[in-house]
Amino acid sequence: LEEAFASQKSFISDAGHELRTPITIIQGHLDLLGDDPDERRETIELVTDELDRMSRFVDDLLLLAKAQRPDFLHLEPIALDVLTKELFAKASALAPRAWRLEAAAPAYITGDRQRLTQAVMNLGQNAVQQTRDGDPIGLGGSLTDDGVRLWVRDSGPGVPPEDRGRIFERFARSGNGQNRGDGMGLGLAIVRAIAEAHGGRVEVGGSRAGAIFTIVIPPEPPREVVSA
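Predicted, not measured: the structure shown is a model, and the values here were computed from it.

Asks: I keep staring at helix 2 (residues 37-66) and nothing clicks. Help me out?
Replies: An α-helical turn contains 3.6 residues, so a residue and the one three or four places further along point in the same direction. When the terminal C-alpha atoms of helix 2 are compared, their 43 Å separation across 30 residues agrees well with the 44 Å that a helix rising 1.5 Å per residue should span. Among the residues of helix 2, those classed as buried are Thr43, Val47, Glu50, Met54, Phe57, Asp60, Leu61, Leu63 and Leu64.

Asks: Looking at this structure, I do not really get the pattern of salt bridges. What am I missing?
Replies: Side-chain pairs of opposite charge can arise whenever the charged atoms involved come near each other. Across all of its chains, the model carries nine salt bridges by this definition. Put simply, Asp71 and Arg69 hold a salt bridge, and the shortest N to O gap is 3.0 Å. Residue class for Asp71 comes out partly exposed when judged on its relative accessible area of 40%. Here Arg113 ties to Glu86 by a salt bridge, and the two come within 2.8 Å at their closest N and O atoms. Of this pair, Arg113 sits in helix 4 (residues 113-129) while Glu86 sits in helix 3 (residues 80-92), and the two are 27 residues apart along the sequence. Judged by its relative accessible area of 25%, Arg113 falls in the partly exposed class.

Asks: So what exactly am I meant to see when it comes to the environment of Thr131 here?
Replies: Along the chain, Thr131 turns up in the loop between helix 4 and strand 4 (136-144). Judged by its relative accessible area of 9%, Thr131 is buried. When the C-alpha positions of Thr131 and Asp154 are compared, they lie 7.2 Å apart, and in sequence the two are 23 residues distant. Apart from residues no more than four positions distant in its own chain, Thr131 is found in contact with Arg97, Ile137, Asp154, Ser155 and Gly156. A polar contact of 2.8 Å, which involves the side chain of Thr131, links it to the backbone oxygen of Ala127.

Asks: Can you walk me through the packing of helix 2 against helix 5 (residues 187-197) in this structure?
Replies: Helix-helix packing is described using two parameters, namely the angle between the two axes and the distance between the axes. Running from N to C, helix 2 and helix 5 cross one another at 25°; their axes reach a closest spacing of 10 Å. Judged on the interaxial angle alone, helix 5 and helix 2 are roughly parallel. As helix 2 packs across helix 5, the resulting crossing turns out to be left-handed. Here Asp60, Leu63 and Leu64 of helix 2 come into contact with helix 5, specifically with Ala189, Ile190 and Ala193. In the contact of helix 2 with helix 5, the residues fall into five nonpolar, no polar and one charged.

How each quantity is defined
- Residues numbered from 1 in each chain as written.
- Predicted model: local features only at pLDDT ≥ 70, side-chain atom pairs only at ≥ 80, totals over all residues.
- Heavy atoms only, no water.
- Helix = DSSP H or I, 4+ residues; strand = E, 2+ residues; numbered from the N terminus.
- Expected span 1.5 Å × (residues − 1).
- Buried < 20%, exposed > 50% of the residue type's maximum accessible area, 1.4 Å probe, protein only.
- Salt bridge = Lys/Arg side-chain N within 4 Å of Asp/Glu carboxyl O.
- Contact = heavy atoms within 4.5 Å.
- Polar contact = N/O pair within 3.5 Å; in protein donor to acceptor, adjacent residues only side chain to side chain.
- Axes fitted to C-alpha atoms, helices over the stretch in contact; angles between N-to-C directions.
- Parallel < 35°, antiparallel > 145°, perpendicular 65-115°, else oblique.
- Left-handed = near helix turned anticlockwise from the far one by under 90°.
- Nonpolar A, V, L, I, M, F, W, Y, C, P; charged D, E, K, R; others polar.

By themselves, these figures tell us nothing about what the structure is for.
The structure is reproduced here in structure tokens:
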């Protein structure tokens with residue numbers, strides 16, 4: 001109970017800290033809003049952008065809260081090769097990179113197509129944030145002895161070994177000074193929540209020449225997960 005209360009207190013504190021910055025930006029610009037039409041237009045655009053960012057942040061918080069519910073997943077049979085090719089097509093539209101489909105195994109799995117798509121798109125966006133135009137990013141899906149593996153491989157600065165155990169925590173940032181998740185440090189936490197809801201895990205490897213993030217899902221979902 002003490003650990004649960006401490007975790008909840010830390011979560012509320014972190015969320016409050018993350019929301020304080022956009023609120024301060026919005027308030028500061030509204031306080032200085034003048035009568036010049038161009039200035040007002042620029043201020044409205046900035047405020048709207050910050051409000052959109054806050055809205056995405058709140059949506060991510062709600063998703064993490066729902067991840068503990070038994071109806072979080074809507075399970076169905078999925079053709080892994082078809083899913084992987086769909087994920088590759090969607091990720092390729094995120095940014096102009098040298099996208100590569102590394103594998104698309106012909107197999108069937110049981111999972112939530114939308115949640116898995118969300119997780120891999122978060123990994124794709126994370127890879128985009130760590131690379132530049134034209135840099136290679138790989139994506140693939142395979143079936144191994146320990147289950148299904150879906151991965152995104154980037155060619156960015158990599159994740160220091162000392163950070164690999166904590167970057168999937170809420171609001172975590174890598175020691176290289178970059179936030180590897182999207183939004184306000186929740187992207188990789190969402191990936192982990194989706195993987196664990198499937199009874200699996202997410203791994204990170206690679207070197208200073210890049211990182212590879214892999215979602216590993218066991219052959220069968222956990223019994224306590226309720227199918228829609």
